[in-house]
Amino acid sequence: MESALAEESRGSTPASPAGAVIEREEETCERKREEQERKGLGSEVSLSHSNMSESAKVHHPGPPVKAEKTHGSDFSYVGIDAILEQMRRKAMKQGFEFNIMIVGYVDWSGSHKTLQWRKRQSGLGKSTLMNTLFKSKVSRKSVQPSPEERIPKTIEIKSVSHDVEEKGVRMKLTVIDTPGFGDQINNENCWQPIMKFINDQYEAYLQEEININRKKRIPDSRVHCCIYFIPPTGHCLRPLDVEFMRRLSKVVNIVPVIAKADTLTLEERDDFKQTIREELRANGIDVYPQKEFDEDAEDRIINDKIREMIPFAVVGSDQEYQVNGKRILGRKTKWGTIEVENIAHCEFAYLRDLLIRTHMQNIKDITGSIHYETYRVRRLNESNGHFTSLPAVEPKTNGLPAEQPAALQANGVAAQHGALSHEM
Ligand SMILES: Nc1nc2c(ncn2[C@@H]2O[C@H](COP(=O)(O)OP(=O)(O)O)[C@@H](O)[C@H]2O)c(=O)[nH]1
Ligand SMILES: [Mg+2]
């Protein structure tokens, strides 16, 4: 799929998230190269990242002339900082994965709500927001459902992957949609299929990890972040919102947002945000960025600011308009155009920055080092003593790799996820 992001990297549109970062990194590297040349380190050091033989040149005890040149003005310089450039190039080559889940529901329980009303209230703007975030058609357009499909009977979990590229940085973005959540007559335990899906991805990862014949890179289908959409009622969280976030925040990074915030006045918005923050606190719901995982004082200052703003009141749109000669994503109304990326209009830009520009790596790190780790420890403790009996680590007598465990559904789910994930 040709993404808008890829197009943007060639076009004249303003630099977008990853692009901005890469540009900064390139500037830094350029500066570093210039500095090294000034210091007399020459191009050999700057080439050291290109491949092993080149880097070997740098460390190989060369002729005295070379050594003198290298150590010319700064004898103590070793070149350790070049690792950053090596890492950058490796990351560019490998690309990376980011998996976002979107959850939220409109309360249709009142019997006076007609099908027509429900149709109008079709959603909270989850798919639209994904398109707004990644400026391309990453989430399937909501199609008009047939009458019998209008009220899903069960929660479906739909996972769609996209290869997005920007300035040479490749990302496999997977959006996991959960239509049907909260739509049933009895919503008791309706968070369970979502919890199961998240755990299934951890299980799939674990099975790959403990396999004797491991893949060089384990495919990462773990849910890095779950955006929970709260309808703009201005009242308070509904019991299911609390139940979902209370349970799920223990296994995944939850980012709550107020959907369709253009329907609230500024005052209503601020009051609603305040109420939600208090309710989250009162119910012991620890949403992302979790205080206990701040790494240092600097982290704490930055994250405290984010925590004071959560939940972000967002507006989504995949419609482009021309405002003051600039192309913008917005919602045109009788009284003007809401510019989604304008912080005077809504808080979409803060959400985008958190998810993409400033905290994406941290979101992935917390998934791996906290949520997955908790799952892994629990799972391995459970199977303690029987560990070798897990089929995944038992090589077959003919020397071929063991089959994946049939009893543990995880790999089956992963395969299904993989198959689903490229349907576009
Ligand atoms: N007022 C308003 N409408 C929105 C917003 N985002 C999406 N919509 C509209 O809400 C409807 C449902 O959006 P959709 O993204 O399909 O919702 P989903 O079912 O949650 O995925 C569509 O008509 C969108 O144009 C928003 O921020 N504000
Ligand atoms: Mg949708």
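Residues numbered from 1 in each chain as written. Chains lettered and ligands numbered in written order. Predicted model: local features only at pLDDT ≥ 70, side-chain atom pairs only at ≥ 80, totals over all residues. Heavy atoms only, no water.

1. A closer look at the sheet that holds strand β9 (residues 336-339)
Piece 1. In space, the three strands of this open sheet follow the order β7-β8-β9, with antiparallel pairing throughout. What marks the edges here is a single partner per strand, and that holds for β7 (320-323) and β9. If you compare each strand with its neighbour and ignore which way they point, the axes differ by 65 degrees on average.
Piece 2. One ladder, built from four bridges, connects β7 with strand β8 (residues 326-333); its direction is antiparallel. Each bridged residue has a counterpart across the sheet, and for Gln 322 the counterpart in β8 is Arg 327. (Pairing = 2+ DSSP bridges. Helix = DSSP H or I, 4+ residues; strand = E, 2+ residues; numbered from the N terminus. Axes fitted to C-alpha atoms, helices over the stretch in contact; angles between N-to-C directions.)

2. Brief notes about the pattern of salt bridges
Piece 1. Summed over the entire model, instances satisfying the criterion amount to 22 salt bridges.
Piece 2. Two residues, Asp 294 and Arg 300, come together in a salt bridge whose shortest N-O distance is 3.2 Å.
Piece 3. Asp 294 gets classed as buried once you look at its relative accessible area, which sits at 12%.
Piece 4. Three or more residues joined by partner-sharing salt bridges are found here, namely Lys 135, Glu 341, Arg 352, Asp 353 and Arg 357. (Salt bridge = Lys/Arg side-chain N within 4 Å of Asp/Glu carboxyl O. Buried < 20%, exposed > 50% of the residue type's maximum accessible area, 1.4 Å probe, protein only.)

3. Structural notes on the pairing of strand β1 (residues 96-104)
Piece 1. With eight of nine residues buried, β1 is to be regarded as a mostly interior element.
Piece 2. Across seven bridges, β1 lies against strand β3 (residues 169-177) in parallel orientation. Each bridged residue has a counterpart across the sheet, and for Met 101 the counterpart in β3 is Ile 176.

4. With respect to helix α12 (residues 297-309)
Piece 1. The end-to-end C-alpha distance of α12, which contains 13 residues, comes to 19 Å, matching closely the 18 Å that a straight helix rising 1.5 Å per residue would cover.
Piece 2. Asn 303, Ile 306 and Arg 307 are the residues of α12 that are buried. (Expected span 1.5 Å × (residues − 1).)

5. Thoughts on the environment of Ser 127
Piece 1. Position of Ser 127 relative to the elements: it lies in helix α8 (residues 126-134).
Piece 2. Residues Ser 127 and Asp 177, spaced 50 residues apart in sequence, show a C-alpha to C-alpha distance of 8.1 Å.

6. Some points on the environment of Ile 285
Piece 1. Among the structural elements, Ile 285 can be located in the loop between α11 (266-282) and α12.
Piece 2. Separated by 39 residues in the primary sequence, Ile 285 and Arg 246 have C-alpha atoms spaced 5.1 Å apart.

7. Observations regarding the packing of aromatic side chains
Piece 1. Taken as a whole and judged by the stated rule, the model has eight aromatic pairs.
Piece 2. Centroid distance Phe 181 to Tyr 228: 6.4 Å. Interplanar angle 85 degrees. Geometry classified as edge-to-face. Of this pair, Phe 181 sits in the loop between β3 and α9 (192-210) while Tyr 228 sits in strand β4 (residues 225-230), and the two are 47 residues apart along the sequence. Here the two residues Phe 181 and Tyr 228 agree in accessibility, since each one is buried. (Phe/Tyr/Trp six-rings, centres within 6.5 Å; stacked < 30°, edge-to-face > 60°.)

Function-wise, these values are silent; they only describe arrangement.
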